[in-house]
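# Descriptive structure summary
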Amino acid sequence: MSPKIQKAYDLITNYHNANLEADDDELDAALSLRLQEVENDYSLPDLLVQYGGQHRLYLGDTSYHHIRTLYQCLEPFKPRKLLDLGSGYGRILFYGALLWPSVHFTGIEMVSHRVSEVLRVRDEFNLSHLQCIQGDVTNTTWPQADIYCLINSFTPSVMPIVVEQLRQISCCQSIILASASTSNLILEGQGWLEEVPHENDKGARLGIRLFKTAS
Ligand SMILES: C[S@@+](CC[C@H](N)C(=O)[O-])C[C@H]1O[C@@H](n2cnc3c(N)ncnc32)[C@H](O)[C@@H]1O
């Protein structure tokens, strides 16, 4: 392992296991992930015109504090394949790929310059178990997974298509959904899902919540 990869691995595993305070800039820098620097070349109005105003396109990647909570919640389910829908700059993917090297991580992200940045870092860190696909989740083929993340990714207007896709997958296999933000309010009303209670972010309706195929 190169010193650079070792440093990022140590930082993330120490952070994850020791409940340290998160410094998002420090973790991004260890991964050489340049969110703001890349994003500065694009404006939100341009993105809305290019990709469609019905989508949640602003730069709003989840803080590492919440990503740690996400992986603490997912720990009992140790997946084989995780699909991150609307994966932004890939913080969730990179954190997971360093923490769980035997799990396969895929992101689907609409905005192409974000995908390019993810793939650049993926290649720099030789993370062959991490993929990122450029596309709109409402019309892109999803690779099979056992955990699906929808972390602050979609506006309520896009959710019916996403929910129907998840419902169809859930007919054939038992799945776990990790969600945050307004998607929670839509998932909590689905009869084919049941919530998996967890200790973190207790009582936060829009915080990280887990759902699974109802038994
Ligand atoms: C607010 S960011 C959150 C990123 C990531 N989920 C996280 O929590 O770190 C939402 C991301 O979802 C992407 N997105 C929104 N609608 C999408 C769609 N229909 N298909 C693919 N990506 C989408 C946006 O481009 C953006 O990068």
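Please refer to the structure placed before this passage.
Each value, and the rule that gives it
- Counting restarts for each chain: residues are numbered from 1 in the order of the written sequence.
- Local features in this predicted model are restricted to residues whose pLDDT is 70 or higher, and side-chain atom pairs enter the listing and the counts only when it is 80 or higher, whereas totals over whole chains, interfaces and linings include all residues.
- Working from all heavy atoms in the structure, the side-chain values ignore hydrogens and water.
- Note: two strands are recorded as paired if DSSP finds a minimum of 2 bridges between them.
- Secondary structure elements are defined from DSSP: runs of H or I of at least 4 residues count as helices, runs of E of at least 2 residues count as strands, and each element is numbered from the N terminus.
- Here, axes are lines fitted to C-alpha atoms. For helices the fit covers the stretch in contact, and angles between N-to-C directions go from 0 to 180 degrees.
- The contact criterion used throughout is that any non-hydrogen atoms of two residues lie within 4.5 Å.
- By this rule, a helix spans an expected 1.5 Å times one less than how many residues it contains.
- Each residue gets one of three labels from its accessible area relative to the maximum for its type: buried under 20%, exposed over 50%, partly exposed in between, using a 1.4 Å probe on protein chains only.
- Put simply, a residue is near a molecule or strand once any heavy atom of it comes within 4 Å of that molecule or strand.
- We call two N or O atoms a polar contact when they sit within 3.5 Å, provided that within protein one can donate a hydrogen and the other can accept it, with sequence-adjacent residues counted only if both atoms are side-chain atoms.
- Values of accessible area rely on a 1.4 Å probe in the Shrake-Rupley scheme; residue burial ignores everything except the protein chains shown.
- Each residue gets one label: Ala, Val, Leu, Ile, Met, Phe, Trp, Tyr, Cys and Pro are nonpolar, Asp, Glu, Lys and Arg are charged, and the others, such as Gly, are polar.

### Brief notes about the sheet that holds strand 5 (residues 176-180)
Spatially, 7 strands are ordered 3-2-1-4-5-7-6 in an open sheet, and the strand pairing comes out mixed. Taken across any chain shown, the strands that pair with only one partner, and hence form the sheet edges, are strand 3 (130-134) and strand 6 (193-196). On average, each strand axis in the sheet is tilted by 25 degrees relative to the strand beside it, whichever way the strands run. Across the face of the sheet, helix 7 (residues 112-124) comes into contact with strand 2 (104-109) and strand 3 while running at roughly 160 degrees to strand 3.

### Observations concerning helix 7
Taking 1.5 Å as the rise per residue, helix 7 with 13 residues should run 18 Å; its terminal C-alpha atoms sit 18 Å apart, in good agreement. Among all positions in helix 7, only H113, R114, V115, E117, V118, V121 and R122 are buried. Residues of helix 7 that are buried in the fold lie against helix 2 (24-31), helix 3 (35-39), helix 4 (44-51), helix 6 (91-99), strand 2 and strand 3. Looking one or two residues past helix 7, N126 carries a phi angle of roughly 50 degrees, positive in sign.

### What about the site of the ligand?
Near the ligand there are 21 residues, and of these T62, G86, E109, R114 and I151 occur at the shortest range. For the ligand, a nitrogen atom lies 3.2 Å from a polar atom in the backbone of M110. Across the complex, the protein chains shield 100% of the 580 Å² of accessible surface that the ligand would expose by itself. Considering only residue class, the shell around the ligand consists of 8 nonpolar, 8 polar and 5 charged.

### A short note on the environment of P101
Tracing the backbone shows P101 in the loop between helix 6 and strand 2. For the pair P101 and F125, spaced 24 residues apart in sequence, the C-alpha to C-alpha distance is 12 Å.

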